[in-house]
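# Structural overview for review
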Amino acid sequence: MRDLILDLDTGVDDSIALAYAALSPEVNLLGVTGTFGNVTTDAGARNALAVLEMMGRTDVPVFEGAYHSLDTESFSPHDVSIRIHGSNGTGNVEFPAAKRPVEKESAVDFLIRMMRSNENLTIVTTGPSTNLASVLLKAPDLSSWKGKVVIMGGALTVRGNVSHFAEANISQDSEAAKMVFESGLDVTMIGLDVTMRSRLRRSDADEWRSTGTKAGKDFAAMLEHYIDNTIGGDDTYVHDPSAVICAIHPEYFRLLDLPMTVELYGPDRGRTIGDELRILEKEPKTRAAVDVDSSRVEAELRIIADYFRSI
Ligand code: RIB
Ligand code: CA
């Protein structure tokens, strides 16, 4: 059983990652912190509350975090995010609104409080790294925190998905991601290198729908929207759920120890890359996943169908 906090910009694949974490018997889900990205922070937090309610997990608190990147003053979702995740973040499927509100405490204060009291905690981020960078700015001593961070973001051995070099989550706040990678925190990067090797299929949507449950039908329609607007064939990538699965089952992934950084200047702004200035470090605190046993990742996600069948 692993203590987890998920830091989400709750769009489609974040919702699936959250469902997985909420249902896994191997996860003790302590909270969800929300950030901007696929949607605005408040919309994402509403989605997280709705998904938790659909999964029967009204015990998990949801906190709102950063509303924009470190180097901007405001945020509105990009056209490509609206196309892929729908204007509401859940593929334009209206989930039943949750009956409870977000917590009053800010995501950053919640993270600081939990990090100070728990070094066996893993924080999984599946959006921009802004909340975690804000933690480091507000409580710099937490750079020596002994817990783990798993980031869905970046691309080391393959091209980016918003530019030749940059992946979406890193691109949304490259300064924050650089700060986190270079902080001294224990960080595992789950980038496009591995998330594009695993697949969710139309047959998964068919199975969810065939359970006849409202939650199963809503999740099926959401996944179909995502498939239509990403690869457009029979399947799609497993970005955010891969990071949660790696937090519990790192043995499914091949991890390359590497002092990581993020390029901030030039055409490769947003590129995640080894830092040549620290390349001789004996025990780097960061690593990047470069391969995955995709059949194990895909098998993990079957707990979602099992849950829809059980309700
Ligand atoms: O590049 C994929 C990532 O960008 C995922 O986290 C997706 O949800 C979007 O935020
Ligand atoms: Ca995401």
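Everything discussed here concerns the structure shown above.
Our subject in this report is the structure included herewith. (Residues numbered from 1 in each chain as written. Chains lettered and ligands numbered in written order. Predicted model: local features only at pLDDT ≥ 70, side-chain atom pairs only at ≥ 80, totals over all residues. Heavy atoms only, no water.)

### Some remarks on the packing of aromatic side chains
One pass over the structure, following the stated rule, counts seven aromatic pairs. Ring plane angle 55 degrees and centroid distance 4.9 Å describe the contact between F36 and F75, whose orientation is recorded as tilted. Note that F36 is positioned in the loop between β2 (27–34) and α2 (41–54) and F75 in the loop between β3 (62–64) and α3 (79–85), a separation of 39 residues in sequence. Accessibility classification places F36 together with F75 in one group, the buried group. Residues W208 and F308 carry aromatic rings whose centres are separated by 6.1 Å and whose planes lie at 75 degrees to one another, so their mutual orientation is edge-to-face. Remark: F308 occurs in helix α13 (residues 302–310) and W208 occurs in helix α9 (residues 202–210); sequence separation between them is 100 residues. In terms of burial, W208 and F308 fall into one category: buried. Through pairs of rings, three or more aromatic residues link up here, namely F95, W208, F219, Y307 and F308. (Phe/Tyr/Trp six-rings, centres within 6.5 Å; stacked < 30°, edge-to-face > 60°. Helix = DSSP H or I, 4+ residues; strand = E, 2+ residues; numbered from the N terminus. Buried < 20%, exposed > 50% of the residue type's maximum accessible area, 1.4 Å probe, protein only.)

### Considering the site of ligand 1
Taken together, 13 residues sit near ligand 1, with D13, N161, E167, N169 and D240 positioned nearest. The separation between an oxygen atom of ligand 1 and a polar side-chain atom of N161 is 2.9 Å. Between ligand 1 and E167 there is a distance of 2.4 Å, counted from an oxygen atom to a side-chain nitrogen or oxygen. Going through the elements one at a time, α1 (12–23), α6 (168–172) and α11 (239–248) are the ones with two or more residues in the shell around ligand 1. (Near = heavy atom within 4 Å. Polar contact = N/O pair within 3.5 Å; in protein donor to acceptor, adjacent residues only side chain to side chain.)

### Here's the deal with the pairing of strand β6 (residues 186–190)
For β6, the tally of buried residues reaches five of five residues, placing the bulk of the element in the interior. Burial of the side chains of β6 extends over both faces: D186, T188 and I190 are buried on one face and V187 and M189 on the other. Examined bridge by bridge, strand β5 (residues 148–152) and β6 share five bridges and lie parallel to one another. From the neighbouring strand, M152 faces β6, where its bridge partner is I190. As defined by bridge partners, β6 adjoins strand β12 (residues 286–292) across three bridges and the pair is classed as parallel. For T188, the partnering residue across the bridge sits in β12 and is R287. (Pairing = 2+ DSSP bridges.)

### A look at the pattern of salt bridges
Using the criterion set out here, one finds 23 salt bridges in the structure. The salt bridge involving K99 is made with E53; its shortest N-O contact spans 3.0 Å. With a gap of 46 residues between them, K99 in the loop between α3 and α4 (107–117) and E53 in helix α2 connect regions that are remote in the sequence. For K99, a relative accessible area of 75% translates into the label exposed. Taking the shortest distance from any N to any O, the salt bridge between D306 and R309 comes out at 2.7 Å. Placement of the pair is D306 and R309 together in helix α13, with a separation of three residues, close to one helical turn. Residues joined by salt bridges that share partners form a network here, namely E207, R302, D306 and R309. (Salt bridge = Lys/Arg side-chain N within 4 Å of Asp/Glu carboxyl O.)

In short, geometric facts, not functional conclusions.
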